[in-house]
Amino acid sequence: MCQCCVELYLLHLLCVQLHEIVIYKRKKNFMLRCVGSLRKMASFSGQKLEQVVKQLESFAPTSLAEKWDNVGLLIEPTKNKLVQRLLLTNDLTEPVMGEALEKNVDLIISYHPPIFRPLTRITQSNWKERVVASCLLNSIALYSPHTAWDKVLGGVNDWLAKAVDIKGIKPLVPEVGAEPGTGSGRLVDTNMTISQLVQALQEHIQQCVHVAYAVEHHAKSQVSTVGICAGSGGSLLRGVQADVMITGEMSHHELLDFNHNGTTVLLCNHSNSERGYLKEFKALLSERLEGACELFISEKDKDPLQTVIRGDAQGAQSIQQ
């Protein structure tokens, strides 16, 4: 065998050995990740679904929810289901469902109920039916609190109100027979300018906000009262006397009415006025479950609307991607 052939043969052997080493390291790293995940999962003893639901409803009874709402345990895939891993999300979209499968969760707590109107069938024809089918196929329970969290003391509206320098706070519509402080919306006494309030709100929700100034207002106008309604607040806030309203969304004509009645409106986009509460609730629920379950906040959950600042080509490009 010539010298050149020998060198080629040795080079081939070296390449084979290097390939085997790379494959071995990849397998080893994969096994280490699997073992790490299993150890992490094993460290959470879990609780029965029934007990988790009991804790959820102890905090915010479903009886608080609006009559039109669909709240509580929406999917119970099996009896006596053990819950070790939970995913918190504002909306259970298909990307969030994929994340739930990757994280191997046993229960999804979705603030908005994915099942709102009655389903006449469960097929693959639309995204909500596919989400329900995926939960059933993978034995994932689904719970939704929605307006029960809005009304409860220490819930979504109280979280949103923390953007304001609170001098006093009460529900817009107190819940009869419930703990004081429980009810729909919030009315906050404060002493801020509109510009200070806008900046504080943006910091609180970590998002941009839209400002609809009242006819006689400007950035330095003084604010003494603020109406709060997470989500869509047009109907609840109508007729409330306040300098500023904070909500997720309103229609064009609702905004005009408020502005001509002396009220500035700050809009966060619907789910941006709610989503930040999940972090606060995660700590609360972990304590109630005594650390028996592993809790995640969805990384895929986001408001469908994104604001692109005029002239921000980079922002527009990131959304297109």
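Here the structure is a predicted model, which is why all the values come from computation and not from measurement.

## Quick notes on the pattern of salt bridges
Counting across every chain of the model gives eleven salt bridges. Here Arg85 makes a salt bridge to Glu294, at a shortest N to O gap of 3.1 Å. Placement of the pair is Arg85 in strand β4 (residues 85-89) and Glu294 in strand β15 (residues 294-297), with a sequence separation of 209 residues. Accessibility expressed as a relative area gives 7% for Glu294, which makes it buried. Ionic pairing is found between Arg130 and Glu94, a salt bridge with its closest N-O pair at 2.8 Å. Note that Arg130 is positioned in helix α4 (residues 127-137) and Glu94 in helix α3 (residues 94-102), a separation of 36 residues in sequence. Beyond isolated ion pairs, a larger network of salt bridges with shared partners links Glu66, Lys151 and Glu175.

## Things to note about α3
Of all the positions in α3, only Val96, Met97, Glu99 and Ala100 are classed as buried. For α3, the angular spread of buried residues about the axis comes to 160 degrees, placing them on one side. In α3, the exposed positions angled more than 90 degrees off the buried face are occupied by Pro95 and Glu102. Each element contacted by the buried residues of α3 is listed here: β4, β5 (107-110), α4 and β15. The positive-phi residue at the C-terminal boundary of α3 is Asn104, with phi of around 55 degrees.

## Brief notes about the pairing of strand β10 (residues 186-193)
Burial within β10 is extensive, with six of its eight residues counted as buried. Pairing of strand β7 (residues 168-170) with β10, which is carried by three bridges, proceeds in the antiparallel orientation. Bridged to Lys170 within β10 is Leu187. The pairing of β10 with strand β12 (residues 222-232) spans six bridges and is classified as antiparallel. Of the residues in β12, the one forming a bridge with Asp189 is Thr225.

## Observations concerning the environment of Val105
Tracing the backbone shows Val105 in the loop between α3 and β5. Distance in space between the C-alpha atoms of Val105 and Leu87 is 6.5 Å, their sequence separation being 18 residues. Ignoring anything within four residues of it in the chain, the contact list for Val105 reads Arg85, Leu86, Leu87, Ala100, Ile140 and Phe296.

## Re the sheet that holds β7
Strand order in the open sheet formed by six strands is β7-β10-β12-β13-β14-β11, and the pairing between neighbours is mixed. Two strands bound the open sheet, and with one partner strand each, they are β7 and β11 (210-212). For this sheet, the mean inter-axis angle between neighbouring strands, taken without regard to orientation, is 25 degrees.

## Examining the packing of α3 against α4
Orientation of α3 relative to α4, taken along the N-to-C sense of each, is 15 degrees, at an axis distance of 10 Å. Comparing the axis directions of α3 and α4 gives the class roughly parallel. Remark: the crossing between α3 and α4 carries left-handed chirality. For the pair α3 and α4, contact is made by Glu94, Met97 and Leu101 and by Trp127, Arg130, Val131, Ser134 and Cys135, respectively. Here the residues of the contact of α3 with α4 sort into five nonpolar, one polar and two charged.

Here is what the cut-offs are and how they apply
Residues numbered from 1 in each chain as written. Predicted model: local features only at pLDDT ≥ 70, side-chain atom pairs only at ≥ 80, totals over all residues. Heavy atoms only, no water. Salt bridge = Lys/Arg side-chain N within 4 Å of Asp/Glu carboxyl O. Helix = DSSP H or I, 4+ residues; strand = E, 2+ residues; numbered from the N terminus. Buried < 20%, exposed > 50% of the residue type's maximum accessible area, 1.4 Å probe, protein only. Arc of directions from axis to C-beta. Contact = heavy atoms within 4.5 Å. Pairing = 2+ DSSP bridges. Axes fitted to C-alpha atoms, helices over the stretch in contact; angles between N-to-C directions. Parallel < 35°, antiparallel > 145°, perpendicular 65-115°, else oblique. Left-handed = near helix turned anticlockwise from the far one by under 90°. Nonpolar A, V, L, I, M, F, W, Y, C, P; charged D, E, K, R; others polar.

Spatial relationships are all this shows, so hold off on functional conclusions.
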